[in-house]
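Given next are the chains, with one letter for each unit.
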Amino acid sequence: MQPKKTYTLQEATKKLEHYCAYQERCHQEVRQKLEGMYMIPEAIDVIIVHLLKHNFLNEERFAKTFVSGKFRIKRWGRRRLTLELKKKDISKVNINQALNTIENGEYIEIFNSLAEKKVNSIKETNIYKKRKKLIDYLLYRGWESHLVYEKANEIIK
């Protein structure tokens, strides 16, 4: 059995600076990383304050980056984005600011292209089952239910 590695405050701070510089992180991820490094709570607080002060850690920036990435790459809707950010303990203010960075025109455009692409990939012949598959897929992705049901009824007749 190998003894667990311990870090000094300076070593842990440097390690976390690199961790945050590599990719945007939220407070929760940083805290989990520090707990995984077996740091004491007082040291965790000192390091998080240091990271905030030196702009390595910024929840508003994290939320905007998260939303733009998941929306453009994974094609998630606003409901899923909100849910995932809440899981990461991001404040409502930061969530709303991040969601406001998505333009409505682009939002609807991506939704329509995603729905069209999915409908063409569903091999089901029964229209009710096909509609259900499309609706389930879009709702899972976090798109608003009124958009989903309108689109499903419009595409599948």
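Everything numeric here is computed off the predicted structure, so don't read it as measured data.

Caption draft 1: Broad picture of helix α1 (residues 9–22). Taking 1.5 Å of rise per residue, 14 residues should cover 20 Å, and α1 covers 20 Å from first to last C-alpha, within 8% of that figure. Regarding α1, the residues found buried are Ala12, Thr13, Leu16, Glu17, Tyr19 and Cys20. Buried residues along α1 cover an arc of 165° about the axis, so they all sit on one side. When the buried face of α1 is taken as reference, the exposed residues oriented beyond 90 degrees from it are Gln10, Lys14, His18, Ala21 and Tyr22. Buried residues in α1 make contact with α2 (27–36) and α3 (41–53).

Caption draft 2: Focus on the environment of Arg131. Within the fold, Arg131 resides in helix α8 (residues 127–140). Residue classification places Arg131 among the buried positions, given a relative accessible area of 18%. Counting along the chain gives 124 residues from Arg131 to Tyr7, while the straight-line C-alpha distance between them is 55 Å. Leaving out residues up to four positions away in the same chain, Arg131 has contacts with Ala152, Asn153, Ile156 and Lys157. A polar contact is formed between the side chain of Arg131 and the backbone oxygen of Ile156, at a distance of 2.7 Å.

Caption draft 3: Region of interest: the pattern of salt bridges. Going through the model one piece at a time under the given rule, you end up with 12 salt bridges. Here Arg31 makes a salt bridge to Asp45, at a shortest N to O gap of 3.5 Å. Of the two residues, Arg31 sits in helix α2 while Asp45 sits in helix α3, which places them 14 residues apart along the sequence. A residue is classified by how much of its surface remains accessible, and Arg31, at 33% relative accessible area, is partly exposed. Judged by its relative accessible area of 39%, Asp45 falls in the partly exposed class. Residue Glu124 pairs with Lys133 through a salt bridge whose shortest N-O separation is 3.6 Å.

Analysis parameters
- Counting restarts for each chain: residues are numbered from 1 in the order of the written sequence.
- Local features in this predicted model are restricted to residues of pLDDT 70 or higher, and side-chain atom pairs are both shown and tallied only at a pLDDT of 80 or more, whereas totals for entire chains, interfaces and linings draw on every residue.
- Heavy atoms from the whole structure form the basis of all side-chain values; hydrogens and water molecules are not counted.
- Put simply, DSSP marks the helices as runs of H or I at least four residues long and the strands as runs of E at least two long, and each gets a number from the N terminus on.
- One fewer than the residue count of a helix, multiplied by 1.5 Å, yields its expected span.
- Type-normalised accessible area, obtained with a 1.4 Å probe on protein chains alone, sets the label of each residue: buried when under 20%, exposed when over 50%, and partly exposed for intermediate values.
- Directions pointing from the helix axis toward each C-beta atom define the arc.
- In what follows, a contact means two residues having at least one pair of non-hydrogen atoms within 4.5 Å.
- A 3.5 Å cut-off defines polar contacts: any pair of N or O atoms within that distance qualifies, except that in protein one atom must be a possible hydrogen donor and the other a possible acceptor, and neighbouring residues in sequence count only when both atoms are side-chain atoms.
- For salt bridges, the criterion is a side-chain nitrogen of Lys or Arg within 4 Å of an Asp or Glu carboxyl oxygen.

Any functional reading would require information that these geometric values do not contain.
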